[in-house]
Amino acid sequence: MADLRDLYQQIIVDHSRSPRNCRVLQGASLSAEGDNPLCGDHVTLYVQMEGERVKDISFQGNGCAISTASASLLTEMLKGKTRAEAEALFESFHDVVTGAPYVEKPGAPALGKLAVFAGVSQFPLRVKCATLVWHTLKAALNQIKEPVSTE
Amino acid sequence: MKTASNPSDHKTTQPLAAEFNLLQIRQDFPVLKQTIRGKPLVYLDNAATTQKPQCVMDAIVGFYAFDCSNVHRGVHELSRRATESYEGARLKVQKFLNAAESREIIFVRGATEGINLVAHSFLRPTLQPGDEILISAMEHHSNIVPWQMLCEERGAILRVAPINDLGELIMEAFEQLLSPRTRLVAITHVSNALGTITPIRHIISLAHGKGVPVLVDGAQAVAHMPVDVQELDCDFYVFSGHKLYGPTGIGVLYGNSELLEKMVPFQGGGDMISSVTFEKTTYNTLPYKFEAGTPNIAATIGLGAAIDYVSAIGLKNIAAHEHQLLAYATEAFARIPGVRLIGTASKKAAVLSFLVDGVHPHDIGTILDQDGVAIRAGHHCAQPVMARFGIPATTRASFGVYNTTAEIDALVAGIYKVKEIMG
């Protein structure tokens, strides 16, 4: 049986209550918006690149604990990472939240705190909440203007 | 031959009118007998869809098992039976809504299609640039978007009557927005997101006073209170079968016959014609003019069975029971610290929309689901209502004929668990 404490781990509750890097990033070189139309989650992600590296990253939005914590932890994890590392990390993260067997991706940074999202895999309806900000990141890095939608 | 659509079949499984037997009612709904993760299912998402009693399922299966045939066509016995059951359902709906004539009952896919039909066939042919359509700030998207699309196409203007902080229509503002350019008022009978029961008779008399026809969205009303379209004096009334313990894919548009007669067809096809040549087609009479193609016969018969079912219990009895549940839940929620109700109108139907401090409704939904408590979390297809209250979403518990105070206790216990986990 799925355990709620696996989903709502302390670190997730903490980041949802006090999200890090939750602000507009003035002069961000990249940004994108993401929507989860079914539950009304909305996120705007701001990225300041320096060459191939993420110099600064922040987000703003409305969402559930899972999507807010995911956005908060994403910004923590990605500061200083390269574009390629960010994309590889998304793949690892996606495996974690969908319960796919862990395979080390070449060039992917360690999952670190993102491992706390493993509990999401027991709650299939919540996978979209966890991945919304990551899809939004991909859109920002690829300069996609249309808002990303989970539907 | 016995078909389940025969009313005598389900009399045996129903309580007598005026005698509300909750235990018996729960027995009528097989879905309620299950457990979810070891806990009894507590189904509090009735505003989204209601569960189906056995008699409705029997009626559907009975049609397919014994009477399956097309309607209005064949000369054979099965087609006769199918037509009789299908048209029998229309008579049941007529009686249920107290419509003057059965030809005023048009079968559609649901309330949404009924509204789109009126937009297309009633308003679209004559709507001029600068004309106005008046709706309220608490409409479901289905009673906003068809009008928006039409306004965009015709250069007409969508006016929105505001609501107050309790979620009640501000009548003075509504009256002021009724203008010489208003061509239609389209308004909900009961708000799906807030539970507000609108003063629909007063609204209709104000509109009619200025010669404006009124469409009433009754999707959230018909399962919760008696509705009499002649007494309301509405021009159009729509509802969906699946929110009335009936099947999905079937709904009703009631229209005043004088208006329906003048309207152009909605869709072209079989059954809606009386003669076709390549030069000219003559349309069929009401109600068939609006029922192109083979209809959802089984679901229509299922809807007829659902109407028999709720009528036998009595809509007044159902309303009284749900009113008790709402009062019980409202009082229980008032005692939970950090909980705020959204929608506190003085007249409400069986909807409890709420927020828990610092916890997103989606998380509440997941935590309650772990204990088998099914509620809705989100914007309830009423994003403008959420915007009015400055919130992205609410958690909504909505009650039906089979719900119990013990189930509300389970919901309340779940909210305390939410606070513990997310605290």
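Residues numbered from 1 in each chain as written. Chains lettered and ligands numbered in written order. Predicted model: local features only at pLDDT ≥ 70, side-chain atom pairs only at ≥ 80, totals over all residues. Heavy atoms only, no water.

**Considering the overall build of chain B**
Next, step 1: Within chain B one finds 15 helices and 17 strands.
Next, step 2: In terms of C-alpha radius of gyration, chain B reaches 22 Å, essentially the compact-globule figure of 22 Å for 423 residues.
Next, step 3: With respect to the principal axes defined by its C-alpha atoms, chain B has extents near 70 × 60 × 35 Å.
Next, step 4: Counting across all 423 residues of chain B, residues that qualify as buried make up 58%.
Next, step 5: Sequence-distant contacts, at least 24 apart, represent 72% of the contacts inside chain B between residues at least 6 apart.
Next, step 6: Accessible surface, chain B: about 16,700 Å² in total, of which carbon and sulfur atoms supply 54%.
Next, step 7: Charge separation in chain B, taken as the distance between the mean sites of 36 positive and 41 negative side-chain charges, equals 1 Å. (Helix = DSSP H or I, 4+ residues; strand = E, 2+ residues; numbered from the N terminus. Rg over C-alpha atoms; globule rule 2.2 N^0.38 Å. Buried < 20%, exposed > 50% of the residue type's maximum accessible area, 1.4 Å probe, protein only. Contact = heavy atoms within 4.5 Å. Areas by Shrake-Rupley, 256 points an atom, 1.4 Å probe, with all protein chains shown as cover. Lys, Arg positive; Asp, Glu negative; His and termini not counted. Charge placed at Lys NZ, Arg CZ, Asp CG, Glu CD.)

**Description of the overall build of chain A**
Next, step 1: Secondary structure summary: chain A contains 5 helices and 4 strands in total.
Next, step 2: Going from N to C terminus, chain A has its helices and strands arranged as α-α-β-β-β-α-α-α-β.
Next, step 3: The C-alpha radius of gyration of chain A comes to 14 Å, within 12% of the 15 Å expected for a compact globule of 151 residues.
Next, step 4: Across its three principal axes, chain A shows a C-alpha extent of roughly 45 × 35 × 30 Å.
Next, step 5: Expressed as a percentage of its 151 residues, the buried residues of chain A come to 50%.

**Section: the interface of chain A and chain B**
Next, step 1: Listed by partner, the interface residues are 21 residues for chain A and 18 residues for chain B.
Next, step 2: The junction of chain A with chain B conceals about 1,600 Å² of combined surface from both sides, 57% of it contributed by carbon and sulfur atoms.
Next, step 3: Ranking the residues of chain A by area buried against chain B places Leu4(A), Arg17(A) and Cys39(A) at the top, with a combined share of 32%.
Next, step 4: On inspection of chain A and its partner chain B, the count reaches 1 salt bridge. (Buried area = accessible area lost by both parts, 1.4 Å probe. Salt bridge = Lys/Arg side-chain N within 4 Å of Asp/Glu carboxyl O.)

**Thoughts on the packing of helix α3 (residues 65-78) of chain A against helix α5 (residues 127-141) of chain A**
Residues and elements named next belong to chain A.
Next, step 1: Where α3 contacts α5, the two axes come as close as 7 Å, and the packing angle between them is 45°. Classified by the angle their axes make, α3 and α5 are oblique. The hand of the α3/α5 crossing is right-handed. Facing Ile 66, Ser 67, Ser 70, Ala 71, Leu 74 and Leu 78 of α3, the residues of α5 in contact are Cys 129, Ala 130, Val 133, Trp 134 and Leu 137.
Next, step 2: Here the contact of α3 with α5 is composed, by residue class, of 9 nonpolar, 2 polar and no charged. (Axes fitted to C-alpha atoms, helices over the stretch in contact; angles between N-to-C directions. Parallel < 35°, antiparallel > 145°, perpendicular 65-115°, else oblique. Left-handed = near helix turned anticlockwise from the far one by under 90°. Nonpolar A, V, L, I, M, F, W, Y, C, P; charged D, E, K, R; others polar.)

**Looking at unusual backbone geometry**
Most of the time, phi is negative for any residue but glycine, and the peptide bond is trans.
All names here are of chain B.
Next, step 1: Cis geometry marks the peptide bond from Leu 286 to Pro 287, where omega comes out at -5°.
Next, step 2: Relative to the elements of secondary structure, Pro 287 occurs in the loop between β12 (281-283) and α11 (297-313).
Next, step 3: Although it is not a glycine, His 380 sits at a positive phi angle of roughly 60°.

**Topic: empty space enclosed by the protein**
All names here are of chain B.
Next, step 1: What the rule picks out here adds up to 1 cavity of 30 Å³ or more.
Next, step 2: Forming the walls of the largest cavity are Asn 46, Ala 47, Val 190, Gln 220, His 224, Ala 349, Ala 350, Val 351, Ser 398 and Phe 399.
Next, step 3: For the lining of the largest cavity, the class distribution of residues is 6 nonpolar, 4 polar and no charged.
Next, step 4: Each of domain 1 (42-51 + 314-422) and domain 2 (67-311) gives at least three residues to the lining of the largest cavity. (1 Å grid on protein atoms, 1.4 Å probe; cavity = no way out; pocket = protein on both sides within 12 Å on 5 of 7 lines; lining within 4 Å. Points joined across faces, edges and corners; volume = space filled by probe spheres on them. Domains from an automatic or database assignment.)

**Brief notes about the packing of aromatic side chains**
Residues and elements named next belong to chain B.
Next, step 1: Summed over the entire model, instances satisfying the criterion amount to 12 aromatic pairs over all chains.
Next, step 2: Between Phe 122 and Phe 236, the aromatic rings sit 5.1 Å apart at their centres with planes inclined by 65°, giving edge-to-face as the arrangement. Separated by 114 residues along the polypeptide, Phe 122 in helix α5 (residues 111-123) and Phe 236 in strand β9 (residues 236-240) bring together distant segments of the chain. Both residues of the pair, Phe 122 and Phe 236, belong to the buried class. (Phe/Tyr/Trp six-rings, centres within 6.5 Å; stacked < 30°, edge-to-face > 60°.)

**What to know about the layout of surface pockets**
Next, step 1: Its volume calculated, the largest pocket comes out at about 660 Å³.
Next, step 2: What lines the largest pocket is a set of 26 residues, among which Leu125(A), Arg126(A), His362(B), Thr366(B) and Ala377(B) lie closest to the centre.
Next, step 3: Looking at the lining of the largest pocket, the element that brings in the most residues is helix α13 (residues 361-370) of chain B, giving 5 residues.
Next, step 4: Class assignment for the residues of the lining of the largest pocket results in 13 nonpolar, 7 polar and 6 charged.

**Let's talk about the side chain of Ser353(B)**
Residues and elements named next belong to chain B.
Next, step 1: Topologically, Ser 353 is positioned in strand β14 (residues 351-356).
Next, step 2: A distance of 2.8 Å separates a polar side-chain atom of Ser 353 from the backbone oxygen of Ala 193.
Next, step 3: Side chain to side chain, Ser 353 and Thr 394 meet in a polar contact 2.8 Å long.
Next, step 4: What Ser 353 contacts, discounting residues up to four positions off in sequence, is Ala 193, Arg 340, Leu 341, Ile 342, His 380, Thr 394, Thr 395 and Arg 396. (Polar contact = N/O pair within 3.5 Å; in protein donor to acceptor, adjacent residues only side chain to side chain.)

**Some details on the confidence of the model for chain B**
Next, step 1: Counting all residues, the mean pLDDT for chain B is 94, and 96% of those residues have values of 70 or more.
Next, step 2: Confidence drops under pLDDT 50 across residues 1-17 of chain B; counting only partners more than four residues distant or on other chains, this segment forms 37 contacts. (pLDDT = per-residue confidence, 0-100.)

**Considering the sheet that holds strand β1 (residues 30-36) of chain A**
Residue and element names in this part refer to chain A.
Next, step 1: Taken together, 4 strands build an open sheet; the order of strands is β3-β2-β1-β4 and the sheet is mixed. Looking at strand neighbours, the two that pair on one side only are β3 (53-62) and β4 (148-149), the edges of this open sheet.
Next, step 2: Relative to β3, strand β2 (residues 41-50) is paired through 9 bridges, and the arrangement is antiparallel. Across the sheet, residue Glu 50 finds its bridge partner in β3, namely Arg 53. (Pairing = 2+ DSSP bridges.)

**Structural notes on the confidence of the model for chain A**
Next, step 1: Model confidence for chain A is summarised by a mean pLDDT of 92, while 99% of its residues fall at 70 or above.
Next, step 2: The secondary structure element of chain A with the lowest average pLDDT is β4(A), at 86, and the one with the highest is α3(A), at 97.

**Focus: the domain arrangement of chain B**
Residue and element names in this part refer to chain B.
Next, step 1: Assigned domains within chain B: domain 1 (42-51 + 314-422) and domain 2 (67-311).
Next, step 2: A separation of 28 Å is found between the C-alpha centroids of domain 1 and domain 2.
Next, step 3: The interface of domain 1 with domain 2 comprises 37 residues on the first partner and 34 residues on the second.
Next, step 4: Regarding the contact of domain 1 and domain 2, the summed buried area is about 2,700 Å², with carbon and sulfur atoms giving 55% of it.
Next, step 5: The interface formed by domain 1 and domain 2 holds 1 salt bridge in total.
Next, step 6: The tally of links between domain 1 and domain 2 comes to 24 residue pairs in polar contact (both at pLDDT 80 or more).
Next, step 7: Sorting the residues of the side of domain 1 that touches domain 2 by element identifies α12 (315-334), β14 and α14 (383-388) as the ones contributing at least two each.
Next, step 8: In terms of residue class, the side of domain 1 that touches domain 2 is made up of 19 nonpolar, 12 polar and 6 charged.

**As for the nonpolar core**
In a soluble, globular protein the nonpolar side chains are often hidden away together inside.
Residue and element names in this part refer to chain B.
Next, step 1: Counting residues in each nonpolar core, the largest one holds 79 residues, and the members touching the most others are Leu 97, Phe 174, Val 185 and Tyr 237.
Next, step 2: In terms of residues, this core owes the most to one element, α11, which gives 11 residues.
Next, step 3: Two domains each put at least three residues into this core: domain 1 (42-51 + 314-422) and domain 2 (67-311).
Next, step 4: In this structure Val 185 touches Leu 134, Phe 174, Leu 178, Ile 203, Ala 207, Val 212, Pro 213, Val 214 and Leu 215, once residues within four positions along its chain are discounted. (Core = buried A, V, L, I, M, F, W, Y, C linked by side-chain atoms within 4.5 Å.)

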